[in-house]
Amino acid sequence: MTLKELRERVMLVANAVDATFSKGDAIAIDMPMTVHAIVIYFAIILAGCVAVSIADSFAAKEIATRLHVSNAKGVFTQDFILRGGRKFPLYSRVVEAGPCKVIVLPVTGEDVCIKLREQDQSWGDFLASAKRLPRPNHFSPVYSPIDFPTNILFSSGTTGEPKAISWTQLSPIRAANDGWAYVDLQVGDVFCYPTNLGWVAGPIVLYEAFLSGATFALYHGSPLGRGFGKFVQDAGVSILGTIPTMVKAWKSTNCMEGLNWTKIRSFVTAGEASDVDDGLWLSSRAYYKPIIEVCGGTELASSYLQGTLLQPQAFGALSTAAMATGVVILNDNGVPYPDDQPCVGEVGLFPLIMGASDRLLNADHDKIYFKGMPMYKGMQLRRHGDIIKRTAGGYFIVEGRADDTMNLGGIKTSSVEIERACSNVDQSVVENIAISAAPEDGGPELLVMFAVLKDGYSSKPEDLQKKFTRAIQTNLNPLFKVSLVRIVPEIPRTSSNKLMRRVLRDQVKKELSARSKI
Ligand SMILES: *[C@@H]1O[C@H](CO)[C@@H](O)[C@H](O)[C@H]1NC(C)=O
């Protein structure tokens, strides 16, 4: 599809959105990243509404929370999702989440053939509703303030409810900047990055691709198998985005053997900490092309640390603070280490970051990002919560989180959410604690549960592992799994009863390392 055709389809759908909803309405998208999803995403924004991004893997309860917090007036979704050749219901999950109007696209074929509720509409009917309206051949810009929201995205915090973050008109500009400056995206590039509009990477890669004039390559299917690699070859992908868990799967199954990836001129990796060996393997797939590491956050609409083609790079490491972003690393007393000193500590961001959030819909932005952070050169630093190591050569390595959130396969979640999903799954368990830990020699974090058993009860770790995994996949996210269960007599706590998660993490790093080698 050319940019002109894309623009026309976006205008057509924006016309229908305009006819169905009011300016400023929040409208959710809960479906895989298809051409339709991309068109709908831009159409919602072009029509002066606010896109609410929800990942299609969420359970009904999680969808409900997001629709409620954003006060969504409608949802675009699909009847089913295809996964591994099988159909999984999606519309019914959205219906279970609440009463708001749902517009349903067919996963295959021309139109949906399932029964819809009274208030809902099939994609065909929705488009037809705008047919009788005059078809504008241009859309007047929405004269909203620059800080009017365009997109509401969610990110797990340390407490229960996910934080609802609003992106403004500035966020796309910042995202596009990063694609231009660090990844060198250009007209003629074919950019592929398997993701979903519900994750921060979704909107970012769309703006990166289209505002730089590159072609965006969409694969409908799992990126974990050879089918995806063949697509990368046949589509002539020149910039390939990855997440470390994905690369680990390719390497361990060797499913990309013999594919011709010579068109690739660089890789991008984001979402999790990378593994050095996996990085070397990935680079070798395309005659040792560079890997650009990206580290950012949903609330930043972009990165704060970057790899770049302008400096020598090291696998698994970032080499600079992102454009117009300042970064310090704080010691345990909140005092920044000198800029040239190797160190490890929580990162502190300079407060002015173009495109970054300045409000949350359901929490106190100032309290979450600024309260209690130290002053530096007259600025109140912004909290991000990552633990960063600065190496002797001035490179940065992400070491994990300073708070109780975790990163599983590129998806941020909180210990609290996992622990809640696992409560009451087995009568022998009196307390369960979730942590995520990276194997001793680095790489993506894995989910580990510690369980304390009731007196007189016994359970096998493998049985609990199955039960916990099933509970998490049903109640939270089908992509999560428990990698290890440890049954312990008690959970280590400080004298003020604070959980010592770092102690728990250190206890399992060796075992995880042994397991990830299998
Ligand atoms: C790989 O593909 C390129 C074209 O993209 C071609 O020039 C090259 O000969 C191919 N290499 C092999 C080993 O087939």
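Residues numbered from 1 in each chain as written. Predicted model: local features only at pLDDT ≥ 70, side-chain atom pairs only at ≥ 80, totals over all residues. Heavy atoms only, no water.

The protein carries the name acyl-activating enzyme 18 peroxisomal isoform X1-RELATED in an unreviewed UniProt entry, which gives Salix purpurea as its organism.

J.: Help me understand the UniProt feature "transmembrane region" (unreviewed entry) in the protein in this model?
T.: The residues that UniProt annotates with the feature "transmembrane region" (unreviewed entry) are residues 38-59. A distance of 22 Å separates the end C-alpha atoms of residues 38-59, which is 41% helix and 18% strand. (UniProt positions renumbered as here; feature names shortened; annotations may be inferred. Helix = DSSP H or I, 4+ residues; strand = E, 2+ residues; numbered from the N terminus.)

J.: Looking at this model, I keep getting lost on the site of the ligand. Mind explaining?
T.: The environment of the ligand is made up of N260, T262 and K263. One of the side-chain N or O atoms of N260 is found 2.3 Å from an oxygen atom in the ligand. Residue T262 places a side-chain N or O atom 3.5 Å away from an oxygen atom belonging to the ligand. Within the complex, 29% of the 360 Å² of free accessible area of the ligand lies under protein. (Near = heavy atom within 4 Å. Polar contact = N/O pair within 3.5 Å; in protein donor to acceptor, adjacent residues only side chain to side chain. Areas by Shrake-Rupley, 256 points an atom, 1.4 Å probe, with all protein chains shown as cover.)

J.: Got a minute to help me understand the pairing of strand β12 (residues 239-242) in this structure?
T.: Side chains on a regular strand alternate between the two faces of the sheet. Burial along β12 is two-sided: the face carrying I239 and G241 and the face carrying L240 and T242 are both buried. Strand direction decides the pairing type here: strand β10 (residues 190-192) and β12, joined by 2 bridges, are parallel. For F191, the partnering residue across the bridge sits in β12 and is I239. The sheet contact formed by β12 and strand β13 (residues 266-269) spans 4 bridges and is parallel. Bridging across to β13, T242 finds its partner in T269. Once you follow β12 into helix α9 (residues 244-253) and on to β13, the crossover reads as right-handed. (Buried < 20%, exposed > 50% of the residue type's maximum accessible area, 1.4 Å probe, protein only. Pairing = 2+ DSSP bridges. Right-handed = clockwise from strand over helix to strand, strands pointing away.)

J.: Honestly, the side chain of D386 in this entry has me stumped. Any pointers?
T.: On the secondary structure map, D386 appears in strand β21 (residues 382-390). There is a polar contact of 2.7 Å between the side chain of D386 and the side chain of Y304.

J.: Explain the sheet that holds strand β27 (residues 482-487) here, please?
T.: Strand pairs in the sheet, formed through backbone hydrogen bonds, run parallel or antiparallel to each other. Reading across the sheet, the 3 strands line up as β25-β26-β27 and stay open at both edges, with mixed pairing between neighbours. Because the sheet does not close on itself, it has two edges, and the strands there are β25 (429-437) and β27. Here the average twist between neighbouring strands, direction ignored, is 25 degrees. In this sheet, β27 lies alongside strand β26 (residues 446-453) in parallel orientation, the contact comprising 5 bridges. Paired with M449 across the two strands is V485, which belongs to β27. In the packing of helix α12 (residues 415-422) onto the sheet, contacts are made with β25 and β26, and the angle to β25 comes to roughly 145 degrees. Contacting β25, β26 and β27, helix α13 (residues 461-475) crosses the sheet at an angle of about 130 degrees to β27. (Axes fitted to C-alpha atoms, helices over the stretch in contact; angles between N-to-C directions. Contact = heavy atoms within 4.5 Å.)

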